[in-house]
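One letter stands for each residue in the lines below.
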Amino acid sequence: MAEYKQRGRPPKGNKGVFTKDLRLLMYGFGDEPDPAPDTVNVMEELVNDYITEMCLKASKVAKDRKVTVEDFKFILRNDSKKLARVEELLFMEKDIKTARKTFDVNEIEN
């Protein structure tokens, strides 16, 4: 992974944050139902490194302003699959918010 200069507070030990989800994802993609703990740990390190790297890249794009979704889209502009997935998730988020508002309004009326 790319070298980066640590900014802000030191990490608070993000170990174990994604363990449960990674186990399920690994099983869903063909691994054993109970994958080896060291394999899950390696996957978790990779995920943490990727997220950290993406956030650092986004902060470089943002410079002195807050990081926005558009900064992440800009970073992913050359990776069409990831960018399409981001767009799909953002659309689904909007759709879910609209559905929740509709549901809440109907709930109040009854």
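Keep in mind that what you see is a predicted model, and the values were worked out from it rather than measured.

### Observations regarding the overall build of the protein
A tally of regular secondary structure across the protein gives four helices and zero strands. Reading the secondary structure of the protein in the N-to-C direction produces α-α-α-α. Counting only residues that meet the buried cut, the protein has 15% of its 110 residues in that class. Within the protein, contacts between residues at least 6 apart in sequence are counted, and of these 35% link residues at least 24 apart. Accessible area for the protein stands at about 9,500 Å²; split by element, carbon and sulfur atoms hold 58% of it.

### Comments concerning the confidence of the model for the protein
Taken as a whole, the protein shows an average pLDDT of 87; of its residues, 82% reach a score of 70 or greater. For the protein, per-element mean pLDDT is lowest for helix α4 (residues 80-109), which scores 87, and highest for helix α3 (residues 69-75), which scores 96.

### Things to note about the packing of aromatic side chains
Each aromatic ring pair is specified by the distance between its two centres and by the angle formed by the two planes. Applying the stated criterion across every chain yields a total of zero aromatic pairs. Residue placement shows Arg77 over the ring face of Phe74; its charged tip is 4.0 Å from the ring centre.

### Focus on unusual backbone geometry
The backbone of Lys63 sits at a positive phi, close to 60°, despite the residue not being glycine. If you trace the backbone, Lys63 turns up in the loop between α2 (37-62) and α3. Lys63 sits in the exposed class, given a relative accessible area of 68%.

Parameters and conventions
Residues numbered from 1 in each chain as written. Predicted model: local features only at pLDDT ≥ 70, side-chain atom pairs only at ≥ 80, totals over all residues. Heavy atoms only, no water. Helix = DSSP H or I, 4+ residues; strand = E, 2+ residues; numbered from the N terminus. Buried < 20%, exposed > 50% of the residue type's maximum accessible area, 1.4 Å probe, protein only. Contact = heavy atoms within 4.5 Å. Areas by Shrake-Rupley, 256 points an atom, 1.4 Å probe, with all protein chains shown as cover. pLDDT = per-residue confidence, 0-100. Phe/Tyr/Trp six-rings, centres within 6.5 Å; stacked < 30°, edge-to-face > 60°. Lys NZ or Arg CZ within 6 Å of the ring centre and 35° of its normal.

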